[in-house]
Amino acid sequence: MRSVEEQLAIISAAAVTPEPVRISISEALGLRCAEQIEGDRAVPGFNQAAIDGYAVRAVDVREPADGELPTLPVVGEVTAGSSRPVRLQPRQTVRVHAGAPIPTLADAVLPLDWVEVDGRHVEPLRTVNSGEFVHRLGSDVQPGDVVVEQGAVLGAAQVGLLAAIGRSKVLVYPRPRLSVLAFGPELVDIDRDPGLGQVHDANSYALAAAAKEAGAEAHRMGILAGEPRRIKEVVEAQLMRSEVLVITGAIGGEGSDQLRQILGELGPMETTRIAMHPGSIVGFGTLGADQVPTFLLPANPSAALVAFEVLVRPLIQIIRGQRQATRRVVRARTIAAIDSAPRRRGFIRGQLMRDRETREFLVDPLGAVGGGEPTHLLGSYGQANCLITVPAEETHVAPGQFVDVLFLTNRS
């Protein structure tokens with residue numbers, strides 16, 4: 001039996017980063033930048049009013065010996081977007097709007113609530129220092145500044161900076177393309193009524209959604225069926241369009257043996273027992289000319305999702321270039337007993353909460369609890385917001401003990 005860490009090491013070694021593509025910055029959020037981007041212009045490109053107020057020379061509103069600030073005549077107004085040059089003379093002020101260019105010789109802005117207005121004159125109520133409430137030329141970006149490092153994940157601020165320097169496109173590593181196929185003679189698609197012995201294909205929908213949530217460009221390709229030649233053609237087609245292939249329902253049974261034989265013609269494929277539950281038996285290999293990482297996951301819906309979370313999701317994060325391939329882990333006190341399978345690391349569905357007074361994390365297990373609730377139920381997985389991890393050497397966790405908990409997507 002192979003440990004989870006050993007299996008992850010094998011999977012991680014098969015990761016291949018997609019070739020970079022140049023796309024619009026509006027589509028680049030969350031992607032990893034494939035180039036170093038330097039600014040070729042100053043941002044802002046002029047001295048800019050940071051707030052609504054009155055542009056002044058700071059020296060003109062210094063407090064004199066008698067303690068009274070001088071009244072200043074208002075000689076004009078500059079709005080945001082104005083291209084008309086304005087020059088400020090000593091002991092004058094100009095009304096400016098936020099974002100407007102600062103008049104020549106002005107070096108500060110008096111906020112509106114720092115002055116009293118009397119017709120065409122203002123009386124400063126406070127002094128202002130040079131540079132206050134002014135976005136100076138190039139204060140955000142200077143020509144030659146590195147705006148985005150190569151390898152950085154593009155967030156909202158980076159996208160805004162690219163727009164600010166006039167870059168409409170950026171070279172990025174695209175989201176890994178992941179295809180999902182379902183296998184099993186009992187499966188029918190959701191637009192058909194299942195007959196006796198048949199069930200709707202829920203796994204491929206759930207796994208495609210999980211892949212999208214993980215940051216992949218996921219495609220659900222339906223139910224894999226037909227003669228061996230046809231099955232091989234369908235799999236080969238998906239290998240040519242994917243960086244990752246997931247086939248659910250391909251573990252156990254005579255039909256799955258035939259499928260693994262077909263896949264073996266496309267590359268090395270190994271079915272292994274992993275020291276985890278649920279989802280202890282999985283298949284993994286690198287298939288096709290491009291050696292595409294291919295997973296065979298159980299037919300059990302909950303086991304398939306756990307196996308995806310533990311084994312497939314980290315590979316997606318590695319391909320995306322994420323620094324942290326696994327979920328955030330916290331320590332939480334369990335409020336109910338947990339029974340776990342011996343010699344296998346347990347991944348138990350749970351509801352994570354926080355005590356309002358102590359701020360301590362608490363977790364309520366939803367599966368494999370003292371009463372022996374089945375671990376395959378998809379309904380309780382839908383209620384879960386975390387996975388409780390129980391070490392392989394432990395078979396029972398008493399109420400009040402601390403456990404490691406993996407955050408799942410926040411559904412609140």
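Structure first, text after, so check above.
Remember, it's a predicted structure, so these values are computed and weren't measured experimentally. (Residues numbered from 1 in each chain as written. Predicted model: local features only at pLDDT ≥ 70, side-chain atom pairs only at ≥ 80, totals over all residues. Heavy atoms only, no water.)

1. Here we look at the pattern of salt bridges
Line of reasoning, step 1. Summed over the entire model, instances satisfying the criterion amount to 18 salt bridges.
Line of reasoning, step 2. The closest approach of N and O atoms between Glu-233 and Arg-230, which form a salt bridge, is 3.9 Å. Within this pair, Glu-233 and its partner Arg-230 are both found in helix 4 (residues 228–241), separated by three residues, close to a single helical turn.
Line of reasoning, step 3. By relative accessible area, which is 47% here, Arg-230 ends up partly exposed.
Line of reasoning, step 4. Between Arg-327 and Glu-309 there is a salt bridge, with its nearest N and O atoms 2.7 Å apart. Taken together, the residues span a long stretch of sequence, with Arg-327 in the loop between helix 6 (301–320) and strand 23 (329–334) and Glu-309 in helix 6 at a distance of 18 residues. For the pair shown, Arg-327 and Glu-309 are each scored as buried. (Salt bridge = Lys/Arg side-chain N within 4 Å of Asp/Glu carboxyl O. Helix = DSSP H or I, 4+ residues; strand = E, 2+ residues; numbered from the N terminus. Buried < 20%, exposed > 50% of the residue type's maximum accessible area, 1.4 Å probe, protein only.)

2. Some words on the packing of helix 3 (residues 203–213) against helix 6
Line of reasoning, step 1. Helix 6 packs onto helix 3 with a crossing angle of 30° between their chain directions and a minimal axis gap of 10 Å. Judged by the inter-axis angle, helix 3 sits roughly parallel to helix 6. By crossing handedness, the relation of helix 3 to helix 6 is classed as right-handed. Residues Asn-203, Ala-206, Leu-207, Ala-210, Ala-211 and Glu-213 of helix 3 form the contact with helix 6, whose own contacting residues are Pro-301, Ala-304, Leu-305, Phe-308, Arg-313 and Ile-316.
Line of reasoning, step 2. Within the contact of helix 3 with helix 6, the residues separate by chemical class into nine nonpolar, one polar and two charged. (Axes fitted to C-alpha atoms, helices over the stretch in contact; angles between N-to-C directions. Parallel < 35°, antiparallel > 145°, perpendicular 65-115°, else oblique. Left-handed = near helix turned anticlockwise from the far one by under 90°. Contact = heavy atoms within 4.5 Å. Nonpolar A, V, L, I, M, F, W, Y, C, P; charged D, E, K, R; others polar.)

3. Thoughts on the packing of helix 1 (residues 4–12) against helix 6
Line of reasoning, step 1. The contact between helix 1 and helix 6 brings their axes to 10 Å, and the two run at 40°. As summarised for this structure, helix 1 and helix 6 are arranged oblique, according to the angle between their axes. Helix-helix and strand crossings are classified by hand; for helix 1 and helix 6 the assignment is right-handed. Seen from helix 1, the contacting residues are Val-4, Gln-7, Leu-8, Ile-11 and Ser-12; seen from helix 6, they are Val-310, Leu-311, Pro-314, Leu-315 and Ile-318.
Line of reasoning, step 2. Residues belonging to the contact of helix 1 with helix 6 are distributed by class as follows: eight nonpolar, two polar and no charged.

4. Structural notes on the sheet that holds strand 1 (residues 21–24)
Line of reasoning, step 1. Read across the sheet, three strands follow the order 1-13-2 without closing on themselves; strand pairing throughout is antiparallel. Each of the sheet's edge strands pairs with one partner strand only, and the pair in question is strand 1 and strand 2 (32–33). (Pairing = 2+ DSSP bridges.)

5. Brief notes about empty space enclosed by the protein
Line of reasoning, step 1. Counted by the stated rule, this structure contains one cavity of 30 Å³ or more.
Line of reasoning, step 2. Approximately 40 Å³ is the volume attributed to the largest cavity.
Line of reasoning, step 3. Lining the largest cavity, in full, are Gly-30, Leu-31, Arg-32, Tyr-173, Pro-174, Arg-175, Arg-320 and Gln-322.
Line of reasoning, step 4. The residue makeup of the lining of the largest cavity, split by class, is three nonpolar, two polar and three charged. (1 Å grid on protein atoms, 1.4 Å probe; cavity = no way out; pocket = protein on both sides within 12 Å on 5 of 7 lines; lining within 4 Å. Points joined across faces, edges and corners; volume = space filled by probe spheres on them.)

6. Quick word on the sheet that holds strand 18 (residues 244–248)
Line of reasoning, step 1. The mixed open sheet is built from six strands, whose spatial order is 17-14-18-22-21-19. Strands with a single pairing partner mark the edges of an open sheet, and in this sheet they are strand 17 (217–224) and strand 19 (269–273). Across the sheet, the axes of successive neighbouring strands diverge by a mean angle of 20°, strand direction being ignored.
Line of reasoning, step 2. Here strand 18 pairs with strand 22 (residues 292–297) via four bridges, running parallel. When the bridges of strand 22 are listed, Val-246 appears paired with Phe-295.
Line of reasoning, step 3. Taken strand by strand, helix 3 contacts strand 14 (177–183), strand 17, strand 18 and strand 22, and its axis lies near 170° from that of strand 17.

7. Side note on the side chain of Asp-201
Line of reasoning, step 1. Mapped onto the elements, Asp-201 comes out in the loop between strand 16 (199–200) and helix 3.
Line of reasoning, step 2. In this structure Asp-201 comes out as buried when scored by relative accessible area, which is 1%.
Line of reasoning, step 3. Engagement of the side chain of Asp-201 in a polar contact is seen with the side chain of Ser-204, the distance being 2.4 Å.
Line of reasoning, step 4. Here Arg-220 takes part through its side chain, which lies 3.2 Å from a polar atom of the side chain of Asp-201. (Polar contact = N/O pair within 3.5 Å; in protein donor to acceptor, adjacent residues only side chain to side chain.)

8. Overview of helix 6
Line of reasoning, step 1. If you look at helix 6, its biggest bend is around 40°, right at Glu-309.
Line of reasoning, step 2. The element helix 6 is extensively covered by neighbouring structure, given that 18 of its 20 residues are classed as buried.
Line of reasoning, step 3. N-cap assignment for helix 6: the residue whose side-chain oxygen lies 3.0 Å from the backbone N of Ser-302 is Asn-300.
Line of reasoning, step 4. The first or second residue beyond helix 6 is Gly-321, which carries a positive phi of 80°. (Bend = angle between axes of the 7 residues up to and from the residue.)

9. As for the nonpolar core
Line of reasoning, step 1. Counting residues in each nonpolar core, the largest one holds 36 residues, and the members touching the most others are Leu-178, Val-246, Phe-295, Leu-297 and Phe-308.
Line of reasoning, step 2. Mapped by element, the contributors of at least two residues to this core are helix 1, strand 14, helix 3, strand 18, strand 21 (281–287), strand 22 and helix 6.
Line of reasoning, step 3. Here the element with the most residues in this core is helix 6; it accounts for eleven residues.
Line of reasoning, step 4. If near-sequence neighbours (up to four positions away) are discounted, Phe-308 is found in contact with Leu-178, Leu-207, Ala-210, Ala-211, Leu-297, Arg-313, Pro-314 and Ile-316.
Line of reasoning, step 5. Among the nonpolar cores identified, the runner-up in size contains 19 residues, and Phe-183, Leu-239, Ile-262 and Met-269 belong to it. (Core = buried A, V, L, I, M, F, W, Y, C linked by side-chain atoms within 4.5 Å.)

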